Amino acid sequence: MELLRRQHDEARARLPEPAYDYFAGGAGDELTLAENQEAWRRVWLRPRHGLGLGAGRPAVELLGAPMAAPIVLAPAAAQGLLHPEGELAVARAAADAGLVMCLSTRATTDLADVAAATAAPKWFQLYMEPDRSRVQRILQRAAEHGYAQVVMTIDLPVAGRREREWRHGPVAFPPGVALTDHLGAGTGRAYKPPVGGWYAPTWEDVGWVGQAGGLPVVLKGVLTAEDALMAEQAGAAAVAVSNHGGRQLDGVVPTAVALRDVAAALEGRLPLLVDGGIRSGADVVRALALGADAVLVGRPYLWALAAGGEAGVLELLTALIEDTARSLALVGAATPSEVTAAHARLRSW
Ligand SMILES: Cc1cc2nc3c(=O)[nH]c(=O)nc-3n(C[C@H](O)[C@H](O)[C@H](O)COP(=O)(O)O)c2cc1C
């Protein structure tokens, strides 16, 4: 979409190179980063005509949340690097558009401040940490402030080999911007993540998060049928097929391909989300045809934030919702739930 290209180019022109590379980059040789988008292009749509559909109605209800379209704003760290209003601008734009935003553990705005910005439904993304009592306090705060789901990310036991980030070293935060610890000690309080940075979660942790947090768990980062079944056994309320936007292991399966495997394994028992390279309403319809109930979108709204703040994000989300409505009408489905496997034909992967 022309709008995505424009916002990307504006963001690139505005951001210091280390920040741009942090948001744009993938792991390794960035094969997976590219293949995520290419894989959707290998899904051809099979429209049905003669149905008198002048417009599609993209609104859905997913996991108890009404959404103007089956599109969720993917959790993404450090949005204060992109715009002074960071996550607050994103939360307001998502609320105005009627979409759900998912706030990252590694945000630059405390979860209470984001909750106070809008009354719209919100989700909280969790990176598990070794100190369970800390995690429990964060989850309790998320629940108290009205977050409806915890999106637990399982695909980051260690960081991927992100060469663009390594080249620049740690990205400098503008004055007044820092990662929050989500414990309410004050917005912008500098928080140094635990030494080594990351924790490798287990299936037992997934069950624990579901019990300890009191919030339903969306398990994010699943790429195989096997792990989808493990997620189900561990009590997840939903599964998000994701390879972290190509930022973890380079060479993993593109998410469009993984989605089919996971959908076949779960046979509709759990709601399914997918992300990675979704860039248009047609991509949303492709994901629905391959078995998703909704998509998450990452980099496009990050570029929109850098390019135009809250108004830029709202412009992008409005365009994606409209394009989803148009694509539904064009494929011959009145609503997202009417999209079926028969609407897609696959080129060989
Ligand atoms: C700069 C950046 C930061 C991210 N931070 C997080 C994060 O904090 N937690 C998380 O679960 N996923 C994170 N992700 C992954 C996204 O949630 C999502 O899986 C991915 O961006 C989707 O692919 P797309 O950017 O091609 O739409 C991040 C992605 C990017 C690009």
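What you are looking at is a predicted structure, and each value in this text was computed from that prediction instead of being measured.

A. A look at the overall build of the protein. Secondary structure assignment for the protein yields 12 helices and 12 strands. Computed over its C-alpha atoms, the radius of gyration of the protein comes to 19 Å, within 12% of the 20 Å expected for a compact globule of 349 residues. Within the span of the protein, comprising 349 residues, buried residues form 51% of the whole.

B. The arrangement of the pairing of strand β7 (residues 147-153) in detail. Within β7, 6 of the 7 residues are buried, leaving the element largely enclosed by the surrounding structure. Here strand β6 (residues 122-126) runs beside β7; their pairing, made up of 5 bridges, is parallel. In the strand pairing of β7, Trp123 is matched with Gln149. Regarding the hand of the β-α-β motif, the stretch spanning β6, helix α6 (residues 132-144) and β7 is right-handed. Here 4 bridges tie β7 to strand β8 (residues 217-222), and the two strands are oriented parallel to one another. Its bridge partner being in β8, Thr153 is matched across the sheet by Lys220.

C. Focus on the sheet that holds strand β9 (residues 238-241). Strand order in the closed barrel made by the 8 strands is β4-β5-β6-β7-β8-β9-β10-β11, with parallel pairing throughout. Strand-to-strand twist across the sheet, computed as the mean angle between neighbouring axes with direction ignored, equals 30°. Looking at chain direction, strand β4 (residues 71-73) and strand β5 (residues 100-103) are connected through 2 bridges and run parallel. Looking at the pairing, Val72 lines up with Val100 of β5. Sheet strands in contact with helix α4 (residues 86-97) are β4, β5 and β6, and its direction is about 155° off that of β5. With respect to the sheet, helix α9 (residues 225-233) is in contact with β8 and β9, its orientation differing from that of β8 by roughly 165°.

D. Focus on the nonpolar core. Grouped together as the largest cluster of nonpolar side chains are 111 residues, with contacts concentrated most on Val239 and Leu273. Here this core takes 16 residues from helix α12 (residues 299-331), the largest share from any one element. When neighbours within four sequence positions are excluded, Leu273 is seen to be in contact with Val72, Val218, Ala238, Ala240, Val241, Ala292, Asp293, Ala294, Val295 and Leu296.

Parameters and conventions
Think of each chain on its own: its residues are numbered from 1, step by step along the sequence as written. Predicted model: local features are reported for residues with pLDDT of at least 70 only, side-chain atom pairs are reported and counted for 80 or more only, and whole-chain, interface and lining totals are derived from all residues. The numbering of helices and of strands both runs from the N terminus, where a helix is a DSSP run of H or I of at least 4 residues and a strand a run of E of at least 2. Atoms considered for the radius of gyration are the C-alpha atoms alone. The globule rule reads 2.2 Å times the number of residues to the power 0.38. Each residue is classed by its C-beta neighbour count within 10 Å, where at least 20 other C-beta atoms makes it buried, 12 or fewer makes it exposed, and intermediate counts make it partly exposed; the C-beta atoms are placed from backbone geometry. A strand pair is defined by DSSP finding two or more bridges across the two strands. Classification remark: right-handed applies to a crossover when, strands pointing away from the viewer, the course from the first strand over the helix to the second runs clockwise. Fitting a line to C-alpha atoms yields each axis, with helices limited to the stretch in contact; the angle taken between N-to-C directions then spans 0 to 180 degrees. Residues are defined as contacting one another if the C-beta atoms placed from their backbone atoms lie within 7 Å. Any set of buried Ala, Val, Leu, Ile, Met, Phe, Trp, Tyr and Cys residues joined through C-beta atoms within 7 Å is what this text calls a nonpolar core.

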